[in-house]
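Chain by chain, the residues run as shown.
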Amino acid sequence: MKNVLFLCFALFFFATSFSQEIQAIDTTSVAVDSMYREDQFYAGFGFNLLLNRPEGIKQSGFSGGLHFGFTRDMPINKRRNKAIGLGLGMSINSYGFNLLIDEKENETTFDVIENNYDTNRLTNYLIEMPLEYRWRTSTASDYKFWRIYTGLRLGYVFWSKANYVAGDVKIRDKHLNALDNFRYGLTFTFGYNTFNFNVYYSLNPFFDGTLGDTVEEVGLNPLKIGIMFYIL
């Protein structure tokens, strides 16, 4: 997780420096492109919250995520301040909680951890495809503008790991069968210039299974709240 935080800060300083260099260009000497697009590399990080939790399930420690990629901008009006954005990227997420996940003979069980433990964490890596409706106040020569982007983010979990450690007891399971690898959720981004507030809510729960010997669904719908940076 320290590597993820380091990468977040590195992306932040890179985005800031890059935007400052762009702003230093004398736009009066550059021909205005009336057919401009807001094609953008994006990078963001945020805190992961788990909603729709069964009774007794609590988050613990730091739960965060990092996502980055590229979006192709396709304007849909003459002024070109409205567009459809289609992108491709990657997301890395980690969740800490007191839900014990164990997998034996391709069957996944879920239980609430009552005793103390050293770590209990779920990590996943996804390929994502954002599909957005984009509104902004940009022009062909204005690199500082307000933006509102909203839409869907589709994803596929290509690697997952549940890691539980309590003293000498270690339970590590990869590629969980009960995890719904196909992810889809709603996104909303609002901001000005470099800094943008971003929210993602997963419409489908993580797991298909019940808690312990009960009939209560495990569920868990991720909600990510964070910052997004765009680089033209």
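Placed above this text is the structure.
In short, a report on the structure. (Residues numbered from 1 in each chain as written. Predicted model: local features only at pLDDT ≥ 70, side-chain atom pairs only at ≥ 80, totals over all residues. Heavy atoms only, no water.)

## Describing the overall build of the protein
Here comes step 1: The helix and strand tally for the protein stands at 1 helix and 13 strands.
Here comes step 2: Start at the N end of the protein and walk to the C end: the helices and strands fall as α-β-β-β-β-β-β-β-β-β-β-β-β-β.
Here comes step 3: Counting over 232 residues, the protein shows a buried share of 44%.
Here comes step 4: When contacts within the protein are restricted to residue pairs at least 6 apart in sequence, those whose partners lie at least 24 apart make up 70%.
Here comes step 5: When the accessible surface of the protein is totalled, it reaches about 12500 Å², and 60% of it is carbon and sulfur. (Helix = DSSP H or I, 4+ residues; strand = E, 2+ residues; numbered from the N terminus. Buried < 20%, exposed > 50% of the residue type's maximum accessible area, 1.4 Å probe, protein only. Contact = heavy atoms within 4.5 Å. Areas by Shrake-Rupley, 256 points an atom, 1.4 Å probe, with all protein chains shown as cover.)

## As for the nonpolar core
Here comes step 1: Phe97, Leu99, Ile101, Phe110, Phe206, Phe207 and Leu220 are the most contacted members of the largest nonpolar core, which totals 19 residues.
Here comes step 2: Those elements that place two or more of their residues in this core are strand 4 (99-104), strand 6 (119-136) and strand 7 (146-166).
Here comes step 3: Sequence-distant contacts of Phe110, that is, excluding residues within four places in its chain, are made with Leu99, Leu100, Ile101, Ala178, Phe207, Gly209, Thr210, Leu211, Gly212 and Val218. (Core = buried A, V, L, I, M, F, W, Y, C linked by side-chain atoms within 4.5 Å.)

## Remarks on the side chain of Asn196
Here comes step 1: Looking at the secondary structure, you find Asn196 in strand 10 (residues 195-202).
Here comes step 2: Under the relative-accessibility criterion, Asn196 is labelled buried at 1%.
Here comes step 3: A polar atom in the side chain of Asn196 sits 3.1 Å from the backbone oxygen of Thr194.
Here comes step 4: Not counting residues within four places of it along the chain, the set of residues in contact with Asn196 comprises Arg147, Thr189, Phe190, Gly191, Gly226, Ile227, Met228 and Tyr230. (Polar contact = N/O pair within 3.5 Å; in protein donor to acceptor, adjacent residues only side chain to side chain.)

## Quick notes on empty space enclosed by the protein
Empty space left among the atoms is revealed by rolling a probe the size of a water molecule over them.
Here comes step 1: In the structure shown here, the tally under the stated rule is 3 cavities of 30 Å³ or more.
Here comes step 2: Going through the elements one at a time, strand 3 (82-96), strand 6, strand 10 and strand 13 (221-231) are the ones with two or more residues in the lining of the second largest cavity.
Here comes step 3: Its residues assigned to classes, the lining of the second largest cavity comprises 5 nonpolar, 5 polar and 4 charged. (1 Å grid on protein atoms, 1.4 Å probe; cavity = no way out; pocket = protein on both sides within 12 Å on 5 of 7 lines; lining within 4 Å. Points joined across faces, edges and corners; volume = space filled by probe spheres on them. Nonpolar A, V, L, I, M, F, W, Y, C, P; charged D, E, K, R; others polar.)

## Looking at the environment of Asn98
Here comes step 1: Considering the arrangement of structural elements, one finds Asn98 in the loop between strand 3 and strand 4.
Here comes step 2: Along the backbone, Asn98 and Ser60 are 38 residues apart, and their C-alpha atoms lie at a distance of 7.1 Å.
Here comes step 3: Not counting residues within four places of it along the chain, the set of residues in contact with Asn98 comprises Gly56, Ile57, Lys58, Asp111, Val112, Ile113, Tyr117 and Asn120.
Here comes step 4: Of note is the side chain of Asn98, whose polar atom sits 3.0 Å from the backbone oxygen of Gly56.

## Details of the environment of Met129
Here comes step 1: Along the chain, Met129 turns up in strand 6.
Here comes step 2: Met129 sits 25 residues away from Leu154 along the chain, and the two C-alpha atoms are 5.1 Å apart.
Here comes step 3: Look past the residues within four positions of Met129 in its chain and what remains in contact with it is Leu86, Gly87, Leu152, Arg153 and Leu154.

## Some thoughts on the packing of aromatic side chains
Centre distance and the angle of the planes are the two values used to describe a pair of aromatic rings.
Here comes step 1: Counted under the stated rule, the structure contains 14 aromatic pairs.
Here comes step 2: Arranged with centres 6.3 Å apart and planes meeting at 55 degrees, the rings of Tyr125 and Phe158 form a pair that is tilted. Here Phe158 lies in strand 7 and Tyr125 lies in strand 6, a separation of 33 residues in the sequence.
Here comes step 3: Given a relative accessible area of 26%, Tyr125 falls into the partly exposed group.
Here comes step 4: Ring geometry for Trp146 and Tyr192: centres 5.0 Å apart, planes at 45 degrees, overall tilted. Of this pair, Trp146 sits in strand 7 while Tyr192 sits in strand 9 (residues 182-192), and the two are 46 residues apart along the sequence.
Here comes step 5: A relative accessible area of 36% means that Tyr192 is categorised as partly exposed.
Here comes step 6: One aromatic cluster is present, formed by Tyr95, Phe110, Phe206 and Phe207 through successive ring pairs. (Phe/Tyr/Trp six-rings, centres within 6.5 Å; stacked < 30°, edge-to-face > 60°.)

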